[in-house]
Amino acid sequence: MKQSEERATAHLPPRLARALIAAVAPSRDRQFMLEDLAEEFAIILAEGRDRRQARRWYWRQVIASLPSCLRRRNAVGRPRFPWLSGLGLTPLLRDVNFAARRLRSRPGYVATVVLTLALGLGACTAIFGVAHAVLLRPLPYHLPDRLLTVWESNPEKGSSQSLVSLATFLDVRQSAGAFSHVAAYGGNTFELTGLGYPQHVAAIVATPGIFSLLGVPMIAGSGFPPAAGEVGGDGIVVLSYQFWRRWFGGDSNAIGRTLKLDNRDYRVVGVLPERFWFPETAELWTPLAFSPDQITEGMRGARYLQVLARLKPGVSLEQARSEMVALADHLGSAHPNNAGWSFQLQSLHDHLVGDYRQLLMLLLGAVGFVLCIACANVVNLVMARATERRREGQIRTALGATNSRLLRDNLVENLLLALVGATVAITAAFWMVTPLVRLAPTAIPRLDEVAIDGWVAAFCLSLSLAVGLVLTVVARLSEKSDSDYAILQVSGARTVGHTGHRVRRLLIGGEVALSLVLLIGAGLMLQSFLRLHDVDPGFRPAGVMTASLSLPRARYASKEARVSFFRDLLAQTELLDAVVSVGATTNLPMAGSTMRFGFSIEGRADATLEEQLAAEYHATSPGYFRTMGIALRGRSFVSSDNSDGAPVVIVNQSMARRFWPTTDPVGARITVVSQDGPMSREIVGVVADVRHAGLASEPRLEVYVPLAQDPWPFVTVVARTTQGETLLTNQLRDQLLSLDQALPLGRVQPLEHLVATWLAPLRFQLLLVGVFALVALLMAMLGMYGVISYIVSRRVNEIGIRKALGARQRDVLGNVVGQAIVPAVTGVVLGTATAAMLTGGLASLLYEISPIDPATFTAISLLVLAVAAVACFVPAWRAARIDPIRALRE
Amino acid sequence: MPKGDYLGEFEQLVLLALLRLKDRAYGVTVRREIQGRTDRNVAIGAVYASLERLERKGYVLATVSQPEPVPGGRAKKYFRITRTGADALKHAREMMRRMTDGLAVDAELDAI
């Protein structure tokens, strides 16, 4: 049932587009056109094009059909919108019609206003579309606001949000009365054999109740039985929809078939829905199986599970919190490993999007500013038009039109303009959103759900209505004061009331201030980005390829087997033509994985007694430092640093500086914990600090031991190469196959990608804020130019008189520029103050630059002033060259 | 032929599509026929607008079929050319022929 519903919706055309064409199509053809479009939509899907393409085709058809449909509606003698006449809307329609006719005579005005508004509204709509999908739309689960993440927390040990140990999770599940469901999961990777190439598949190991906790039904099979896993493994697996389509062609007979994972048989028991979304991508789901020795007292310290819980109906988060406090107290007194640890509850939604809220709010703020500037420009245009039409208003008033009638006409006209602007904006946002999403860092959750749907369109339309209203009010206010003033004047005078000018100067000031704030924000981000870009990561990423691989535990159980495999692999890889040097490490910089172990310095009781020391731990091969370009003092590892050789270690600069500030650490001994427990090692070298956790993070204490003395089952091979990715990938794959037929090669990527990926979110926000800031500056400049030009055109007479009375070009120039520059300077002052208040919110996004960096503030202020001067100089120059004779004659 | 009844380019394309499609001409087939042959993107709205105009001039006759006897089957609006429509199309082609008669059009155009 569920399945057929899904299939049915998959073949439906986009609803919004369908409603649009249904609204505008002439009634005689409406039914046929809709059915024709639906039929062809189905044909396109049947031809094998995907849903996205088919929907795009539909939209394109609808948009291209709009002009001809609207023309036919407006044809003479045909009732317009007959379905509306019953609603008592005829007077409104008459107003709309009147406004449309008046606007049609001013295409230049309409185009300028619509495009300016569309730019502002379009940017807002696109960003709102992203924010809506990521921040606002509820998670795709049953009653998602009842879902929580559960963490262990121990601020004293510097751990505010820690994963949960298995035994503690079982305690929570058993005794927490506030939750209707509690489930735990962790990531895993399986080696999949028997289907094509051997390969790694991302999987999630979860307690069986996780799907009922989320409220997600299987589309095939029955899922995990309630008692699956727990103690001992059941060998069953649930497939993601994509995995099922790829390997079983969507065949429901897949249920009951077996998969070979890590050389064991797993029976398929369920398939997840196509639209199932989970924070961690996984193709396979297996039940969390554990043995009694995993829940011993000692294992309570091993915190590695992500825990989800669903609040019971009627139970508040506060109740759950206090219950968890009691539970933590109880566990702390019963188990030494729980002592000092409490629980932390966070809503699942906050946990997922918390990091990106600030970024999206920043972008929304930026587009809001752009929209404000666009509105300011449009207000100026609307005011100019109102002045032009003063005569028309006077005549109509003389003929008996009431004030409210005139106001209503203006309102309808402006609303119409705003709505047309919104339509253009929605269309533009519809096309912009795909490239925007492609540009966005992939770490942002739920990006694939971003779409310009009904909600986003409704947002844009309501925004445009508000804009139309504001335009009317502002224009009306200035118009009213103009007309009061005009009564005192000889008829035909070509000056504008003081309030009109005052409003215009306010607009200049406002635009300058807003664009300044945006530019300062962008300037700060640019500098922060450049500084990060210049940070020395401690290695030279250019020309280095990386390939991760992991050895199945079953076949490489012994250390000797692993050591000899790595030795052979590295030796053979080094022989490849394209490879200059090669190495291997357990943890690559900026790849997100770290290991952290305790150590102590021998002969220094003080250091070990005071605090538990821990360092980032790496096991590396001899060629690693050379290949990565990491500077080294002392000696690197050599091939004799193996299990027969003396235990050695290399430390980093930070460690040397901290513990041997005046002496050379080479030759000293430290005890390092590793796979086999603590072992005393001699320091043979010191390497440069590497920024493992990212460019912005301070270097940490690090120790490197020889891979041959501590062979882990997973490594990343690094190779400095003279050739491209594809060739090396193929050669490496051949190498691997020659060593082990069934070993999958993990991800192969240039080291530079890792650095670029790390910088991607920063690049994204810089790019967007930068673009918005430049658009804002450009619009503010055009706005100022428009305002000053307008004022000059209204002052031709006056300037003519001034010149006739002896004013020089310089005087006129100074007068006009002065008129513009005063509000611009006020705008700069205001903008600087606003920026200083707002950039505080940027602090956490900036690197090594103060949010009120004086240099940036000064430079940007000067830039904006210069731009303002250029924008008003052109009309001022024109004013200065007015010929007094001609001006007075006109 | 009264003045002002000349066929526009798109109207000619639509009539020619009807001619090709015989009794299978309705919205989808007409649109696909023109798009497939001319390789230009044709909006369904434009097709219907043109057909309505042709119908008003009496060049085209529209008939609505019975719904197809399958679940969810639909009624279709089929179009065919009338005698007058055929004459108008002939006339348009004839005028084009006369204007190009004795002229090596392609060669002349290329020489420009």
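So, how was this worked out
Here the residue index of a chain counts from 1 through its sequence in written order. Here the convention is simple: chains get letters from A, ligands get numbers from 1, in the order in which they are written. It should be noted that, the model being predicted, local features are given only for residues of pLDDT at least 70 and side-chain atom pairs only at 80 or more, the latter also being counted only at that level, while totals for whole chains, interfaces and linings use all residues. For the side-chain quantities, the full set of heavy atoms in the structure was used; hydrogens and water were omitted. A run of H or I in DSSP becomes a helix once it reaches four residues, and a run of E becomes a strand once it reaches two; helices and strands are each numbered from the N terminus. Throughout this description, buried means an accessible area under 20% of the type-specific maximum (1.4 Å probe, protein chains only), exposed means over 50%, and partly exposed covers the range between. Note on contacts: a residue pair is in contact if any heavy atoms of the two residues lie within 4.5 Å. Here the open area of atoms and residues is found with the Shrake-Rupley method and a 1.4 Å probe, where only the protein chains shown may cover a residue. Buried area is a sum: the accessible area each of two parts loses on coming together, probed at 1.4 Å, counted once for each and added. In the sections that follow, a salt bridge refers to a side-chain nitrogen of Lys or Arg positioned within 4 Å of a carboxyl oxygen of Asp or Glu. Two strands qualify as a pair provided DSSP detects at least 2 bridges between them. Only four residue types enter the charge count: Lys and Arg as positive, Asp and Glu as negative, with His and the chain ends excluded. Polar contacts, as counted here, are pairs of nitrogen or oxygen atoms within 3.5 Å of one another; within protein the pair requires one atom able to donate a hydrogen and one able to accept it, and residues that are adjacent in sequence qualify only if both atoms are side-chain atoms. Expected helix span is taken as 1.5 Å per residue step, with the number of steps being one fewer than the number of residues. Two axes are fitted around each residue, one to the seven residues ending there and one to the seven starting there, and the angle between them is reported as the bend at that residue. Patch membership requires more than 30% relative accessible area and the absence of a salt bridge. Residues of like charge join within 9 Å; the nonpolar side chains Val, Leu, Ile, Met, Phe, Trp and Tyr join within 5 Å. Think of a nonpolar core as a cluster: buried Ala, Val, Leu, Ile, Met, Phe, Trp, Tyr and Cys residues, connected wherever their side-chain atoms sit within 4.5 Å. Where a charge lies is defined by one atom per residue type, namely NZ (Lys), CZ (Arg), CG (Asp) and CD (Glu). In summary, the pairing rule links any two rings of Phe, Tyr or Trp, Trp by its six-membered ring, whose centres are within 6.5 Å, and it sorts them by plane angle into stacked for under 30 degrees, edge-to-face for over 60 and tilted for everything else. Working definition: the arc comes from the directions between the helix axis and the C-beta atoms, pointing outward to the latter. The predictor attaches a confidence to each residue, and that confidence, scored 0 to 100, is pLDDT. Between N-to-C directions, angles cover 0 to 180 degrees, with each direction set by a line fitted to C-alpha atoms, over the stretch in contact for helices. Oblique is the label for every angle not falling under 35 degrees (roughly parallel), over 145 degrees (roughly antiparallel), or within 65 to 115 degrees (roughly perpendicular). By the convention adopted, Pro, Cys, Tyr, Trp, Phe, Met, Ile, Leu, Val and Ala count as nonpolar, Lys, Arg, Asp and Glu as charged, and the other residues, Gly among them, as polar.

Right, let's talk about the overall build of chain A for a bit. When its secondary structure is counted, chain A shows 26 helices and 25 strands. Out of the 890 residues in chain A, the part that is buried amounts to 49%. Taking contacts inside chain A between residues at least 6 apart in sequence as the whole, the part at least 24 apart equals 80%. Of the roughly 40900 Å² of accessible surface on chain A, a fraction of 60% belongs to carbon and sulfur atoms.

Facing 21 residues of chain B, the contacting portion of chain A comprises 20 residues. With both sides pooled, the region where chain B packs onto chain A buries about 1800 Å², and carbon together with sulfur makes up 45% of that total. By the criterion of area lost to chain A, the three top residues of chain B are Tyr48(B), Glu52(B) and Arg74(B), representing 29% of everything that side buries. In this structure, the connection of chain B to chain A is made through nine salt bridges. Arg28(A) is paired through a salt bridge with Glu55(B); the nearest N and O atoms lie 2.8 Å apart. Those elements that provide at least two residues to the side of chain B that touches chain A are helix H2 (27-38) and helix H3 (44-57) of chain B. Looking at the side of chain B that touches chain A, the element that brings in the most residues is H3(B), giving eight residues.

What follows is about the pairing of strand E15 (residues 544-550) of chain A. Residues and elements named next belong to chain A. Burial of E15 is extensive: five of the seven residues sit out of reach of the surface. Bridge count between E15 and strand E24 (residues 714-721): seven bridges; the pairing is antiparallel. Bridging from a neighbouring strand, serine 550 pairs with phenylalanine 714 of E24.

In this structure, Glu848(A) is a non-glycine residue whose phi angle is positive, near 50 degrees. In this structure, Glu848(A) sits in the loop between helix H24 (809-838) and helix H25 (854-880). Even without being glycine, Asp39(B) reaches a positive phi, approximately 60 degrees. Checked against the element boundaries, Asp39(B) lands in the loop between H2 and H3. When its relative accessible area of 71% is taken as the criterion, Asp39(B) is described as exposed.

This part takes up the side chain of Arg681(A). All names here are of chain A. In this structure, arginine 681 sits in strand E22 (residues 677-687). The side chain of arginine 681 is buried and forms no salt bridge, while aspartate 710, the nearest opposite charge, is found at 5.5 Å. Within the structure, arginine 681 has its side chain in polar contact with the backbone oxygen of valine 648 (distance 3.1 Å). In contact with arginine 681, not counting residues within four places along its chain, are Glu602, Pro647, Val648, Val649, Ala668, Arg669, Ile670, Val672, Ser674, Val705, Pro706 and Gln709.

We now examine helix H4 (residues 51-73) of chain A. Residue and element names in this part refer to chain A. In this model, H4 (23 residues) spans 32 Å end to end at C-alpha, consistent with the 33 Å of a helix rising 1.5 Å per residue. By the largest-angle criterion, leucine 66 marks the main kink of H4, which is about 40 degrees, and a proline, proline 67, follows within four residues. Along H4, the residues classified as buried are Ala54, Trp57, Tyr58, Trp59, Gln61, Val62, Ser65, Leu66, Ser68, Cys69, Arg72 and Arg73. By the N-cap criterion, in which a side-chain oxygen at the helix start approaches the backbone nitrogen of a residue two or three places on, H4 is capped by aspartate 50, the distance to arginine 52 being 3.2 Å.

A contiguous nonpolar surface patch, about 210 Å² in accessible area, is contributed by Leu419(A), Leu461(A) and Leu465(A). By secondary structure assignment, the location of Leu461(A) is in helix H15 (residues 454-487).

Residue and element names in this part refer to chain A. Counting residues in hydrophobic clusters, the biggest one holds 156 residues, and the most contacted among them are Tyr141, Ile210, Leu214, Phe278 and Trp285. Ranked by residues supplied to this core, first place goes to helix H22 (residues 751-794) with 20 residues. Each residue touching phenylalanine 278, except ones within four places of it in the same chain, is listed here: Tyr141, Tyr185, Ile204, Ile210, Leu214, Trp285 and Leu308. Counting residues in each nonpolar core, the second largest holds 44 residues, with Phe566, Leu570, Leu576 and Ile601 among its members.

Right, let's get into the pairing of strand E9 (residues 258-261) of chain A. All names here are of chain A. Side chains Leu259 and Leu261 of E9 all project onto a buried face; the interleaved residues Thr258 and Lys260 project onto a face where none is buried. For strand E4 (residues 179-193) and E9, the ladder comprises two bridges, and the chain directions are antiparallel. Following the sheet pairing, leucine 192 is matched in E9 by leucine 261. Here four bridges tie E9 to strand E10 (residues 264-271), and the two strands are oriented antiparallel to one another. Across the sheet, residue threonine 258 finds its bridge partner in E10, namely arginine 267. Joining the antiparallel neighbours E9 and E10 is a turn of two residues, in which aspartate 262 adopts a positive phi near 50 degrees.

Once that is clear, we can look at a positive patch on the surface. All names here are of chain A. Taken together, Arg52, Arg56, Arg60 and Arg438 make up a surface patch of like positive charges. If you tally residues by element for the positive patch, the top one is H4, at three residues. Relative to the helices and strands, arginine 52 resides in helix H4. With a relative accessible area of 48%, arginine 52 lands in the partly exposed category.

Turning to the packing of aromatic side chains, a few remarks are in order. All names here are of chain A. With the rule as written, the count across this model stands at 27 aromatic pairs over all chains. On the basis of an interplanar angle of 90 degrees and a centroid distance of 5.8 Å, the ring pair of phenylalanine 41 and tyrosine 58 is categorised as edge-to-face. With a gap of 17 residues between them, phenylalanine 41 in helix H3 (residues 27-46) and tyrosine 58 in helix H4 connect regions that are remote in the sequence. Tyrosine 58 matches phenylalanine 41 in its accessibility class, with the two residues each being buried. Measuring from centroid to centroid gives 6.2 Å for phenylalanine 276 and phenylalanine 278, while their planes differ by 15 degrees, and the two rings are stacked. Phenylalanine 278 sits in the buried class, given a relative accessible area of 7%. Members of the aromatic cluster, joined through ring pairs, are Tyr185, Phe211, Phe224, Phe276, Phe278 and Trp285.

Here we come to helix H1 (residues 9-21) of chain B. Residues and elements named next belong to chain B. The end-to-end C-alpha distance of H1 is 19 Å, a good match for the 18 Å that 13 residues give at a rise of 1.5 Å each. Of the residues making up H1, those classed as buried are Phe10, Glu11, Val14, Leu15, Ala17, Leu18 and Leu21. Looking straight down H1, one finds that the buried residues subtend no more than 155 degrees of arc, so they occupy a single side. The secondary structure elements touched by the buried residues of H1 are H2, H3, strand E1 (60-64), strand E2 (77-81) and helix H4 (83-100). Following H1 by one or two positions, lysine 22 has its phi on the positive side, about 50 degrees.

Residue and element names in this part refer to chain A. In this structure, arginine 733 sits in helix H21 (residues 725-739). With a relative accessible area of 26%, arginine 733 lands in the partly exposed category. Taking C-alpha positions, arginine 733 is 8.3 Å from proline 744, a pair spaced eleven residues apart along the chain.

Note that Gln61(A) resides in helix H4. Its relative accessible area of 2% is what places Gln61(A) among the buried residues. Those residues in contact with Gln61(A) that lie beyond four places of it in its chain are Leu37(A), Arg31(B), Asn41(B), Val42(B), Ala43(B) and Ile44(B).

So, on to the confidence of the model for chain A. Confidence in the prediction for chain A averages 82 pLDDT; 91% of positions are at 70 or higher. This stretch, residues 1-8 of chain A, has a pLDDT under 50; its non-local contacts, to residues over four places away or in other chains, come to four contacts.

This brings us to the packing of H3(A) against H2(B). Packing of H3(A) against H2(B) brings their axes to within 9 Å, and their N-to-C directions diverge by 60 degrees. Relative to H2(B), the element H3(A) is oriented oblique. Residues Asp36(A), Glu39(A), Glu40(A) and Ile43(A) of H3(A) form the contact with H2(B), whose own contacting residues are Gly27(B), Val28(B), Arg31(B) and Arg32(B). Here the residues of the contact of H3(A) with H2(B) are counted per class, giving two nonpolar, one polar and five charged.

This part takes up the pattern of salt bridges. A pair can form between side chains of opposite charge whenever their charged atoms are brought close. Residue and element names in this part refer to chain A. Scanning the model with the defined rule gives 40 salt bridges over all chains in all. One salt bridge in this structure joins aspartate 350 and arginine 357, with 3.7 Å as the shortest N-O distance. Aspartate 350 gets classed as partly exposed once you look at its relative accessible area, which sits at 31%. For aspartate 409, the salt bridge goes to arginine 396, with nearest N and O atoms at 2.6 Å. Residue aspartate 409 is found in helix H14 (residues 403-439), and its partner arginine 396 is found in helix H13 (residues 390-398); the two are separated by 13 residues along the sequence. Looking at arginine 396, the relative accessible area reads 19%, which means it is buried. Connected via shared salt-bridge partners are Asp95, Arg102, Arg385, Glu392, Arg396, Arg405, Arg408, Asp409 and Glu413.

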